[in-house]
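Fold and geometry: a report
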Amino acid sequence: MAKSLPPALAITPPTHPLVGRVSPPGSKSITNRALLLAALAKGTSRLTGALKSKDTVLMAAALRQMGVTVEEPDATSFVVTSSGRLQQPTEPLVLGNAGTATRFLTAAVATVDGEVIVDGDEDMRLRPIGPLVTALRSLGIDATSPTGCPPVTIRGNGSFGKGRVEIDGGLSSQYVSALLMAAPMGEGAIEVALTGSEIGARGYVDLTLAAMRSFGASVEQVDAGTWQIEPTGYTATDFVIEPDASAATYLWGAEALTGGNIDLGVAADAFTQPDAAAQAFIAQFPNMPAVIDGSQMQDAVPTLAVLAAFNNQPVRFVGIANLRVKETDRIRAVCNELNRILPGLGTEEGDDLLVASDPDLAAKVAVLGSVARIETYHDHRIAMSFALAGLKVPGIVILDPACVGKTYPAYWDMLKGLGVELTATE
Ligand SMILES: O=C(O)C1=C[C@@H](OP(=O)(O)O)[C@@H](O)[C@H](O)C1
Ligand SMILES: C=C(OP(=O)(O)O)C(=O)O
């Protein structure tokens, strides 16, 4: 199905609980970290359990543009061979709407001797990158982004500098991860220090540090918001990538909504990614709490918000302001689309999202006989989370289902495999 997806997919709510074994794809976050670190290491690194999706394919393509050999022996492996240095590409690096690839490479290409342009698609060109550009400039790197969003032009001199760099990770933790991963390529030790009290999704910084250490970096935590990185470069290694925790939330959600039993082959507490924390809330369904702080599991919020519509009590999502600068403004998008299912289900209050729950939602919509054509805003997570609503509510149609290819190309095949009826439509 992934190869020729129709403009829209209608979902028929299954009459049975979803039961089966599903392996979620490899982690997007870890795959894109590992690809980059392998490209900065001299020698050959074998990455297994990797995600092959739009975001990782774009990262691999950008690395190839910079002289790195990236082979794909099978559907879940990359073999990366590098001289340990990135070469100047002849064309701009165009990274779609892959936040990880765009932010991580903006810092890493400062190690190139020459000019590199990092760009994305029309959506990425609306996602802020100014704080990262300012931080690079403070290290003496010539970096400019006239709009504060991609494209960014970086004119490096072959080194990442040295000394202290401060970064505000409030809008995106990816800025912090980007600086940390480039830091071992410095000409001297680099201290990366957080400014501001907030950093969305600290768990992603922990993922970064773990991956860096696997590739031989020497990182010392100076205090809660400061890391000292030695100029060791990286060492090629074989690296196993765990399944994607954000992808797992859809499976946990499908199981909870249908009273099913889906074996992911991996326990929730075995994940190192922050979104695995969502499982503890999903496990409480239909008695999820009245307030959920989404700050440390941001990509799971659309999943939890759709479940909340069927909960026994309304749920207020707090700590989610930077969902407004993801693939789309996810607070607005989730709200709009919940209200398309039944007016009044979603409300924005400042940067909080309120979901008015209704355990009888499915029956109510069935009586109305309405059809909800769900806009997906080029956002994989809006498509995947609202598909869960279609497991309960009749008349859910997901527009542009192909957008799931950003991180989970097999998503619709997976649902079909669990016995969900999907019908191609206009
Ligand atoms: O570092 C990462 O791999 C990610 C960090 C988060 O983004 P922000 O740091 O921009 O919040 C998350 O939403 C994104 O999907 C992946
Ligand atoms: C926010 C996301 O992606 P990114 O920032 O990597 O584009 C996501 O996958 O939900």
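Scoring rules and cut-offs
Residues numbered from 1 in each chain as written. Chains lettered and ligands numbered in written order. Predicted model: local features only at pLDDT ≥ 70, side-chain atom pairs only at ≥ 80, totals over all residues. Heavy atoms only, no water. UniProt positions renumbered as here; feature names shortened; annotations may be inferred. Near = heavy atom within 4 Å. Polar contact = N/O pair within 3.5 Å; in protein donor to acceptor, adjacent residues only side chain to side chain. Areas by Shrake-Rupley, 256 points an atom, 1.4 Å probe, with all protein chains shown as cover. 1 Å grid on protein atoms, 1.4 Å probe; cavity = no way out; pocket = protein on both sides within 12 Å on 5 of 7 lines; lining within 4 Å. Sits in = over half its atoms within 2 Å of the grid points. Helix = DSSP H or I, 4+ residues; strand = E, 2+ residues; numbered from the N terminus. Nonpolar A, V, L, I, M, F, W, Y, C, P; charged D, E, K, R; others polar. Domains from an automatic or database assignment.

As annotated in an unreviewed UniProt entry, the protein carries the name 3-phosphoshikimate 1-carboxyvinyltransferase and is attributed to Devosia epidermidihirudinis. Entered under Sequence similarities (unreviewed entry) in the UniProt record, the comment concerning the protein runs "Belongs to the EPSP synthase family." Per UniProt, the protein carries the Pathway (unreviewed entry) text "Metabolic intermediate biosynthesis; chorismate biosynthesis; chorismate from D-erythrose 4-phosphate and phosphoenolpyruvate: step 6/7."

**Overview of the site of ligand 2**
Contacts to ligand 2 come from 14 residues, most closely from K28, G99, R127, R381 and K406. One nitrogen or oxygen atom from the side chain of K28 is found 2.7 Å from an oxygen atom belonging to ligand 2. Contact distances for ligand 2 include 2.8 Å between an oxygen atom and a side-chain N or O atom of R127. Considered on its own, ligand 2 offers 300 Å² of accessible surface; in the complex 99% of this is hidden by protein. When atom positions are compared with the pocket grids, ligand 2 is found to occupy the largest cavity. For the shell around ligand 2, the elements supplying multiple residues, two or more each, are α3 (99-108) and α12 (380-389). By residue class, the composition of the shell around ligand 2 is 1 nonpolar, 5 polar and 8 charged. Mapped onto the domain boundaries, the shell around ligand 2 takes at least three residues apiece from domain 1 (2-25 + 243-425) and domain 2 (28-238).

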